[in-house]
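Close look at the chain arrangement
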Amino acid sequence: MSSDLVRRPQRADARRNFDALLAAARDAFAENGTDASLEDIARRAGVGIGTLYRNFPTRDDLFRSVYVEEIDQLAAVAAQVADRPPWEALAIWLQRFVGYAATKRAIYEALNRDSEMFRSCREIMYAAGEPLFVRAQQAGAVRADATFDDVLRMVSGLVSAGYVDEAQRDRVLGYALDGIRG
């Protein structure tokens, strides 16, 4: 997906700057929402504001690129855990989904949810995670009455709550995952 929507530079140093900007933007948006300062994002990435604008001419370009990068990472995690035991693979993927959901929540209003990019990202996310869910369900590790969509909505809802820290969020996610175990 990123090859279609996120154009990474070819030179190694430019690619490092690009990736640092995406990571800094993801963190800044998670902390401050869509009003996060672009200057702060550039500073966090260790680059100048000109480098940010060269890679992302508009704030919308940055929003879309961060979102697509999150989807790409979800797909990569699914591929990385596919050979693990079914429940373990699904749980690891859902833990990464929490990071995606936090980023999505931070920039959701800025995204055009009717766009082809948004639809494509949703298809990629389901294509990555649903096979892990089905495999876990077929192995008896997930309740037979659960659906993948139900689980994603549950986890998304959990992410929208405020937490004291990541440890508390992880505990709450653990309680929820215990509820879907077969």
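Residues numbered from 1 in each chain as written. Predicted model: local features only at pLDDT ≥ 70, side-chain atom pairs only at ≥ 80, totals over all residues. Heavy atoms only, no water.

**Thoughts on the packing of aromatic side chains**
- Enumeration over the complete set of coordinates arrives at nine aromatic pairs.
- With 5.7 Å between their ring centres and 25° between their planes, Trp93 and Phe97 make a pair best called stacked. You can see Trp93 and its partner Phe97 sitting in helix α6 (residues 86-107), four residues apart, about one turn around the helix. This pair shows no difference in class: Trp93 is buried, exactly as Phe97 is.
- In this structure an aromatic cluster arises from ring pairing among Tyr67, Trp93, Phe97, Tyr100, Phe118, Tyr126, Phe133 and Phe148. (Phe/Tyr/Trp six-rings, centres within 6.5 Å; stacked < 30°, edge-to-face > 60°. Helix = DSSP H or I, 4+ residues; strand = E, 2+ residues; numbered from the N terminus. Buried < 20%, exposed > 50% of the residue type's maximum accessible area, 1.4 Å probe, protein only.)

**Focus on the environment of Asp83**
- Within the secondary structure, Asp83 sits in the loop between α5 (59-81) and α6.
- Sequence separation between Asp83 and Leu132 is 49 residues; the distance between their C-alpha atoms is 9.8 Å.

**Focus on the packing of helix α8 (residues 148-160) against helix α9 (residues 166-180)**
- With their axes 10 Å apart at the nearest point, α8 and α9 run at an angle of 160° to one another. Between α8 and α9, the crossing angle belongs to the class labelled roughly antiparallel. Note on packing geometry: the crossing formed by α8 with α9 is right-handed. Where α8 approaches α9, its residues Val151, Met154, Val155 and Leu158 are matched on the opposing element by Val172, Leu173, Ala176 and Ile180.
- In terms of residue class, the contact of α8 with α9 is built from eight nonpolar, no polar and no charged. (Axes fitted to C-alpha atoms, helices over the stretch in contact; angles between N-to-C directions. Parallel < 35°, antiparallel > 145°, perpendicular 65-115°, else oblique. Left-handed = near helix turned anticlockwise from the far one by under 90°. Contact = heavy atoms within 4.5 Å. Nonpolar A, V, L, I, M, F, W, Y, C, P; charged D, E, K, R; others polar.)

Shape descriptors only; they carry no functional weight alone.
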